[in-house]
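Next come the chains, spelled out residue by residue.
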Amino acid sequence: MERGKMAEAESLETAAEHERILREIESTDTACIGPTLRSVYDGEEHGRFMEKLETRIRNHDREIEKMCNFHYQGFVDSITELLKVRGEAQKLKNQVTDTNRKLQHEGKELVIAMEELKQCRLQQRNISATVDKLMLCLPVLEMYSKLRDQMKTKRHYPALKTLEHLEHTYLPQVSHYRFCKVMVDNIPKLREEIKDVSMSDLKDFLESIRKHSDKIGETAMKQAQQQRNLDNIVLQQPRIGSKRKSKKDAYIIFDTEIESTSPKSEQDSGILDVEDEEDDEEVPGAQDLVDFSPVYRCLHIYSVLGARETFENYYRKQRRKQARLVLQPPSNMHETLDGYRKYFNQIVGFFVVEDHILHTTQGLVNRAYIDELWEMALSKTIAALRTHSSYCSDPNLVLDLKNLIVLFADTLQVYGFPVNQLFDMLLEIRDQYSETLLKKWAGIFRNILDSDNYSPIPVTSEEMYKKVVGQFPFQDIELEKQPFPKKFPFSEFVPKVYNQIKEFIYACLKFSEDLHLSSTEIDDMIRKSTNLLLTRTLSNSLQNVIKRKNIGLTELVQIIINTTHLEKSCKYLEEFITNITNVLPETVHTTKLYGTTTFKDARHAAEEEIYTNLNQKIDQFLQLADYDWMTGDLGNKASDYLVDLIAFLRSTFAVFTHLPGKVAQTACMSACKHLATSLMQLLLEAEVRQLTLGALQQFNLDVRECEQFARSGPVPGFQEDTLQLAFIDLRQDEGY
């Protein structure tokens, strides 16, 4: 029984499952029915399922049949209506076809017109598109045309700017056109062309600057000279207010705009044509002569092209080469002042250009570069000046050279270059100048001494007297009281030498001007140079005159008198130097003049020469002595040679009137002693072996003549019998 219940339960479950499957088949898409049917065939009740399925199909067929039977009349009616509609539709079709045929026939022209309109619209659209494209291309073509024009007219920096706009702004908008590709490929070549042409302009500029440096420097030095003259006027007229031109004023403001309406030719030299200015017109600024636009253009072009460093290195390298050429002096520079002037003009012109480049460009040259060039220039210039100035033997040329060096230094100092070494070198040239002055004055003194008549200066009128006194500081009350004509005690070389010493001092003073020396330094320099003039040059000249073979006693006496007066004038020379330097002699470290020593030495040399000359004259007379030591005749007068000798001595000592007393006395005593010694030697000669009474008598008469001369007082100032003592030994020997 339980088994029956179980079978019944299973049958119910199977029926329920089959029902579910059928519902699923009815509600599921055909594509998804496969899994459902598989579940049927996987089970064991597919036969029963088929039966169930057949039953369900029959049920649906009955329902369809019922539904068709219910709606059949409506279907028939619909078919009837549809048949009627088909007839009407056929009529409508025929009408539409007829209407279409008529419409096609009537609209044929319209179609043609519409086709034409379509073509016009298409053309219009193409034209509009073409215009739009051309509007994009035209700026490119215009810019390219502008670029070619700028290249043709040598306006390279604007051309480079145009090229930049063309490349980065215009060409990208039309890059798909073939002509644009050609332009793009040509751009690097255009850049190189601009670069090469601008470099060529720079080379032309550098070459022209090298050739015209002397003109630039000459103009700058003229400006400095004008400024110095103006400053001197201001110093002389302190009430007139004036401001010294500052360094900033020395620069000329240049228009650094590179783009210009006027093209630059390939022959653009960089030097503007300036006609020679008259002396009374304003000298143009040094930079007015120079057109720096080639430098600015090339600098900007290389900066834009990213090659600024290459440009800077090239410019500096070329300018260094030019500096070495400028600093190489010509071999004959020392011969004329123009040689030095041209040399300085070139150096000034070079550094004026570099200084302007420094202040008008950013970094093309810097202060370190300029200082390096200036140090090199300074060392080479100083070395060249030392070498060439050493050949100068003309003090006027040396003085002109000094003034030129001062102007050279002042000009460069305006532009900020240190010039202390130049002034230090001028102190060296000052010593050379002193040497050339000493040589010149040696010739002047020689001419004065050679042309002098060694006679007191005669004056016949008050005018002549004042003229001499105006030339030489001399005061003598007794001489002033004497009537005309009268004579000064000294000869003409005294005022001439005195005035030449003053001229020498003036010449020394001229060299000291503008050297920025203190009054004490100038005073010291003048005094030292004057001491050299006195102790070396004038002293040697006097010594040469004194030592001449043909010098006479009269000349020697006059030299002693002259040197005595020149010695007295030394204090006036001291005052003269003090007046022109404003340095008191009492100032510490002030050099004293050694004129006193110089003239004393000359006077002593002249005195010695007088003594020697007198002795020589005595020897000449004694050579005429012809004693016959074996004569038997008794003479009654002195020998003729001795009488002549005594007469000569009397006339000579008469000339010693103006000599200092001791000089005349010493000369007289020296002459007497030399005469006595010479006579003694005659008596004691080896050849004289015996004497006769007659010979001894003659010798005694000669000695008496000498004693008589001594007693006559040929030179005042001797005490009684002092001069006779010179012959006492001779008398004793004779008595023996």
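Residues numbered from 1 in each chain as written. Predicted model: local features only at pLDDT ≥ 70, side-chain atom pairs only at ≥ 80, totals over all residues. Heavy atoms only, no water.

- For the protein chain, an unreviewed UniProt entry supplies the name Exocyst complex component and the organism Papio anubis.
- In UniProt, the protein chain has this text filed under Function (unreviewed entry): "Component of the exocyst complex involved in the docking of exocytic vesicles with fusion sites on the plasma membrane." (UniProt positions renumbered as here; feature names shortened; annotations may be inferred.)

**Overview of the state of the cysteines**
- In total, this model carries 0 disulfides according to the counting rule given.
- Looking at cysteine 668, it has no disulfide partner, and the nearest cysteine sulfur is the one in cysteine 672, 4.4 Å off.
- On the basis of relative accessible area, cysteine 668 is assigned to the buried category, the value being 0%. (Disulfide = S-S within 2.5 Å. Buried < 20%, exposed > 50% of the residue type's maximum accessible area, 1.4 Å probe, protein only.)

**A look at the side chain of glutamine 432**
- Along the chain, the position of glutamine 432 falls in helix 13 (residues 420–451).
- Apart from residues no more than four positions distant in its own chain, glutamine 432 is found in contact with Ser389, Ser390 and Cys392. (Helix = DSSP H or I, 4+ residues; strand = E, 2+ residues; numbered from the N terminus. Contact = heavy atoms within 4.5 Å.)

**Details of the pattern of salt bridges**
- Tallied over the full model, the rule gives 19 salt bridges.
- The partner of arginine 101 in a salt bridge is aspartate 98, with the nearest N and O atoms 2.3 Å apart. A residue pair is termed a helical-turn pair when its members lie 3 or 4 positions apart in one helix, as arginine 101 and aspartate 98 do in helix 3 (residues 46–106) at 3 residues.
- Beyond isolated ion pairs, a larger network of salt bridges with shared partners links Asp98, Arg101 and Lys102. (Salt bridge = Lys/Arg side-chain N within 4 Å of Asp/Glu carboxyl O.)

**A short note on the environment of proline 188**
- One can find proline 188 in helix 6 (residues 178–236).
- On a C-alpha basis, the gap between proline 188 and leucine 163 in space is 9.9 Å, while along the polypeptide they are 25 residues apart.

**A closer look at helix 21 (residues 640–655)**
- For helix 21, which comprises 16 residues, the first-to-last C-alpha distance of 23 Å matches the rise-based estimate of 22 Å (1.5 Å per residue) to within 8%.
- The set of residues buried in helix 21 consists of Tyr641, Leu642, Leu645, Ile646, Phe648, Leu649, Thr652 and Phe653. Down the axis of helix 21, the buried set is contained in an arc of 160°. They therefore lie on one face. (Expected span 1.5 Å × (residues − 1). Arc of directions from axis to C-beta.)

**Quick notes on the packing of helix 21 against helix 23 (residues 693–711)**
- Across the interface, helix 21 lies against helix 23 with an axial gap of 10 Å and an inter-helix angle of 10°. The orientation of helix 21 with respect to helix 23, classified from their angle, is roughly parallel. Two packed elements cross with a definite hand, and for helix 21 against helix 23 that hand is right-handed. Of helix 23, the residues touching helix 21 (which contributes Tyr641, Leu642, Ile646, Leu649, Arg650 and Phe653) are Asp702, Glu705, Cys706, Gln708 and Phe709.
- For the contact of helix 21 with helix 23, the per-class residue count stands at 7 nonpolar, 1 polar and 3 charged. (Axes fitted to C-alpha atoms, helices over the stretch in contact; angles between N-to-C directions. Parallel < 35°, antiparallel > 145°, perpendicular 65-115°, else oblique. Left-handed = near helix turned anticlockwise from the far one by under 90°. Nonpolar A, V, L, I, M, F, W, Y, C, P; charged D, E, K, R; others polar.)

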